[in-house]
Amino acid sequence: MLIDFHTHIFPDAIAARTLEILVNGIRRQQGDAFVAGRTMHHTDGTLQGLLDSMEDNHVDMSICLPIVTKMTQTESINRFAYGIRNQVTQSFGSLHPLQPDWEQVLEQLAEKGFRGIKLHHQFQLCDIDSKESIRVLKKAGALGLLVIFHAGADIGLPPPVYATPEKIRNVLTEMDGSHLIAAHLGGWRMWDDVERYLLGTSIYLDTAYIREYIDPVQCKRIIDAHGADRVLFGSDSPWENPSETLAFLQSLALTQEQMDAITHRNAQRLLGLE
Ligand SMILES: [Zn+2]
């Protein structure tokens, strides 16, 4: 059983253009040499593309994570997210922490049966430990919504980093973190700070898009020390193929029990699928 907790899709009409814009951002930040000769995305960014990829990679269920970058798009993004619910995909909702009707949006998402929301402070230009962000995280918890957020640097966006492990730690002084999921193992390319600030806390970490960037020894050390019962399998599809993510995790020589927890048990528990 494999549940991919971190995937992205876009409405058919804008999928190709959206991927192009995101790849251009990566080219700007990482340079032409990084992009040249590399498969930048493994699906065409559509729902059908994800479903095909799930079949090819033996993924049983995927969680799609939309991102509100402009607050005027919240309603249409959440309408799309609601519409793609089926047996094998679920979508979280999204909102902008600075939008005036944030509280109402969260209440509506909970009412409609969404299991959680995605935030991306790097796109939303808002620190994760700002008061606007903290009130969203707290209210989501009170409504029973999970919150998954981009943590650490972003491959396609300039500094400063708005959700560093240290800032995430500040959030955890304000609330219990058992409804929070810090993507990219707690902070993309900031894993020394993950070890410094986040290990053993109540927050969940996912495995999305770390494979090529983290020292496997450090990755295993983080999973062992944080506890595999708080780590979720995520590929960041279309940016990484789920089978590549899985092969990387298998190369770490974790125990079968740790692998079961990461690949599906923790997700089943969080999604109420047990
Ligand atoms: Zn992602």
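Shown above is the structure to which this text applies.
These remarks concern the structure in this document.

Parameters and conventions
Residues numbered from 1 in each chain as written. Predicted model: local features only at pLDDT ≥ 70, side-chain atom pairs only at ≥ 80, totals over all residues. Heavy atoms only, no water. Helix = DSSP H or I, 4+ residues; strand = E, 2+ residues; numbered from the N terminus. Rg over C-alpha atoms; globule rule 2.2 N^0.38 Å. Contact = heavy atoms within 4.5 Å. Areas by Shrake-Rupley, 256 points an atom, 1.4 Å probe, with all protein chains shown as cover. Salt bridge = Lys/Arg side-chain N within 4 Å of Asp/Glu carboxyl O. Buried < 20%, exposed > 50% of the residue type's maximum accessible area, 1.4 Å probe, protein only. Pairing = 2+ DSSP bridges. Axes fitted to C-alpha atoms, helices over the stretch in contact; angles between N-to-C directions. Phe/Tyr/Trp six-rings, centres within 6.5 Å; stacked < 30°, edge-to-face > 60°. Polar contact = N/O pair within 3.5 Å; in protein donor to acceptor, adjacent residues only side chain to side chain. Patch = residues over 30% accessible without salt bridge, like charges linked within 9 Å, V, L, I, M, F, W, Y side chains within 5 Å. Lys, Arg positive; Asp, Glu negative; His and termini not counted. Charge placed at Lys NZ, Arg CZ, Asp CG, Glu CD. Parallel < 35°, antiparallel > 145°, perpendicular 65-115°, else oblique. Left-handed = near helix turned anticlockwise from the far one by under 90°. Nonpolar A, V, L, I, M, F, W, Y, C, P; charged D, E, K, R; others polar.

A few words on the overall build of the protein. A tally of helices and strands in the protein yields 12 helices and nine strands. Here the C-alpha radius of gyration of the protein, 17 Å, is about what a compact globule of 274 residues would show, namely 19 Å. C-alpha extents for the protein along the principal axes are approximately 45 × 40 × 40 Å. Here the contacts in the protein between residues at least 6 apart in sequence split such that 77% fall between residues at least 24 apart. Approximately 11600 Å² of the protein is accessible, and the part contributed by carbon and sulfur atoms is 49%.

Here we take up the pattern of salt bridges. Opposite charge on two side chains makes pairing possible when the charged atoms of those side chains draw close. Under the counting rule described, the total for this entry stands at 16 salt bridges. Arg38 is the partner of Glu212 in a salt bridge, and the nearest nitrogen-oxygen pair spans 3.2 Å. Taken together, the residues span a long stretch of sequence, with Glu212 in the loop between β8 (204-206) and α10 (216-226) and Arg38 in the loop between α2 (32-35) and α3 (47-57) at a distance of 174 residues. A salt bridge links Lys139 to Glu107, with the shortest nitrogen-to-oxygen separation between them at 3.1 Å. Linking Lys139 in helix α7 (residues 131-142) with Glu107 in helix α5 (residues 102-111), this pair joins segments that are 32 residues apart in sequence. Note on Glu107: relative accessible area 32%, which makes it partly exposed.

Here the focus is the sheet that holds strand β2 (residues 61-64). Strand order in the open sheet formed by three strands is β1-β2-β3, with parallel pairing between adjacent strands. A strand with exactly one partner marks an edge of an open sheet, and here the two such strands are β1 (3-7) and β3 (89-91). Between one strand and the next, the sheet's axes are offset by a mean angle of 20 degrees, whatever the strand orientation.

All chains considered together, the criterion is met by five aromatic pairs. Note on Tyr209 and Tyr213: the rings are 5.3 Å apart at their centroids and 35 degrees apart in plane angle, and the pair reads as tilted. The same class applies to Tyr209 as to Tyr213, namely buried.

Bringing the environment of Asn266 into the picture now. Secondary-structure assignment places Asn266 in helix α12 (residues 256-271). For Asn266, a relative accessible area of 1% puts it in the buried group. Those residues in contact with Asn266 that lie beyond four places of it in its chain are Ala228, Asp229, Arg230, Val231, Leu232 and Ala261. Here the side chain of Asn266 touches Ala261 through a polar contact of 3.0 Å, landing on its backbone oxygen. Here Arg269 takes part through its side chain, which lies 3.2 Å from a polar atom of the side chain of Asn266.

Reaching out from Lys139, the side chain makes a polar contact with the side chain of Glu107 at a distance of 3.1 Å. Residues contacting Lys139, with those up to four places away along its chain left out, are Trp102, Glu103, Leu106 and Glu107.

The grouping of Asp12, Asp44, Asp52, Glu55 and Asp56 at the surface amounts to a negative patch. Looking at the negative patch, the element that brings in the most residues is α3, giving three residues. Examined against the element boundaries, Asp12 turns out to sit in helix α1 (residues 12-30). Looking at Asp12, the relative accessible area reads 62%, which means it is exposed.

Let's shift gears to unusual backbone geometry. In the segment running from Pro159 into Pro160, the intervening peptide bond is cis, with an omega of 5 degrees. In this structure, Pro160 sits in the loop between β6 (146-149) and α8 (165-172). Cis peptide bonds are those with omega within 30 degrees of zero, and the linkage from Ser237 to Pro238 qualifies with 10 degrees. Along the chain, Pro238 falls in the loop between β9 (231-232) and α11 (242-251). Notably, Leu185 is not glycine yet its phi reads approximately 55 degrees, a positive angle. One non-glycine residue, Arg189, lies in the positive phi region at around 55 degrees.

Two numbers describe how α5 lies on α7: the axes approach to 10 Å, and their chain directions differ by 25 degrees. The angle between α5 and α7 falls in the class roughly parallel. At the point where α5 passes α7, the crossing takes the right-handed sense. Judged by residue contacts, Trp102, Glu103, Leu106 and Glu107 of α5 engage Arg135, Val136, Lys139 and Ala140 from α7. Broken down by class, the residue content of the contact of α5 with α7 amounts to four nonpolar, no polar and four charged.

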